[in-house]
Amino acid sequence: QAVRKTAAPTSNPLVELRSELARAIADRTHAEADTTTEIPGLRLYRRSEPSPCVSAAYKPSLVVFAQGQKRINVGRTIHLCDGSNFLLTSVDLPVVSQVVRATREQPILGLILDLEMPIVREILSQHEFHFTDDSGDARVMAVGTSSAELLDGCIRLVKLLDHPQDIP
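Attention in this report is confined to the structure presented alongside it. Predicted model only: the values in this text are computed from it and were never measured.

A few points about helix H1 (residues 13-28)
Spanning 16 residues, H1 covers 23 Å between terminal C-alpha atoms, matching the ideal 22 Å at 1.5 Å per step. Along H1, the residues classified as buried are Leu17, Arg18, Leu21, Ala22, Ala24 and Ile25. The buried residues of H1 occupy an angular sector of 160 degrees when projected down its axis, which confines them to one face. Facing away from the buried surface of H1 by more than 90 degrees, the exposed residues are Arg23 and Asp27. Where H1 is buried, its residues touch strand S2 (42-47), strand S4 (61-67), strand S9 (108-114) and helix H3 (148-159). N-cap assignment for H1: the residue whose side-chain oxygen lies 3.0 Å from the backbone N of Leu14 is Asn12.

Following this line, the structure appears as structure tokens:
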């Protein structure tokens, strides 16, 4: 009698980390707005339905999306961001944005970390960075794929809100 072995279902660590980040943000946001936190420069983002296009100004910041989908137009460039992306803005920037995918059961969730540009410039001046784009054009907004390390750091940052004595 042959015994058929079935492979154990493989898990995707990135999907699990995104889900954990989404839960951590959802547990701490209940309003349809940006929620300020006790951590300076950290806001949590939640919207439960698609929105019309709105004009906004993005400050230098890192936005990490955990769930949902948002379209961000900068000039003629359209960025479509979802739970697998982060968005980095290096200057004050006018944009047109729209929540594309969000429901009450699965809202768009993310975190926004404001960047203190004097500190960023100091770090950049102390280290050598290599850029693959040789065009010389300064990129004011970039979208990237969130890594396991970035998601893990974001989860730990959000969970730090449960221990306000450790925030400093």
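Points about the sheet that holds strand S6 (residues 77-82)
Pairing in this open sheet of four strands is antiparallel, and the strands run S3-S8-S5-S6 from one edge to the other. Pairing within the sheet leaves two strands with one partner each, and these edge strands are strand S3 (54-58) and S6. For this sheet the average axis-to-axis angle between neighbouring strands, irrespective of direction, equals 35 degrees. Sheet topology note: the S3/strand S8 (residues 93-101) ladder contains five bridges and is antiparallel. Pairing of Ser55 across the sheet is with Val96, part of S8.

Observations regarding the pairing of S9
Most of S9 sits inside the fold, with five of its seven residues counted as buried. Both S2 and S9 contribute to a ladder of six bridges, which runs antiparallel. Looking across to S9, one finds that Arg43 is bridged to Ile112. Where S4 and S9 come together, six bridges link them in antiparallel fashion. Bridge assignment links Gln67 to a residue of S9, and that residue is Leu109.

Examining the side chain of Ser97
For Ser97, the location among the structural elements is in strand S8. On the accessibility criterion, Ser97 (5% relative accessible area) is buried. The residues touching Ser97, leaving out its near neighbours within four places in the chain, are Pro52, Cys53, Val54, Tyr58, Lys70, Arg71 and Ile72.

Examining the pattern of salt bridges
Taken as a whole, this structure holds seven salt bridges when the rule is applied. Two residues, Lys59 and Asp114, come together in a salt bridge whose shortest N-O distance is 3.8 Å. Note that Lys59 is positioned in the loop between S3 and S4 and Asp114 in strand S9, a separation of 55 residues in sequence. In this structure Lys59 comes out as partly exposed when scored by relative accessible area, which is 46%. Look at Asp114 and you get partly exposed, because its relative accessible area is 22%.

Scoring rules and cut-offs
- Residues numbered from 1 in each chain as written.
- Predicted model: local features only at pLDDT ≥ 70, side-chain atom pairs only at ≥ 80, totals over all residues.
- Heavy atoms only, no water.
- Helix = DSSP H or I, 4+ residues; strand = E, 2+ residues; numbered from the N terminus.
- Expected span 1.5 Å × (residues − 1).
- Buried < 20%, exposed > 50% of the residue type's maximum accessible area, 1.4 Å probe, protein only.
- Arc of directions from axis to C-beta.
- Contact = heavy atoms within 4.5 Å.
- Polar contact = N/O pair within 3.5 Å; in protein donor to acceptor, adjacent residues only side chain to side chain.
- Pairing = 2+ DSSP bridges.
- Axes fitted to C-alpha atoms, helices over the stretch in contact; angles between N-to-C directions.
- Salt bridge = Lys/Arg side-chain N within 4 Å of Asp/Glu carboxyl O.

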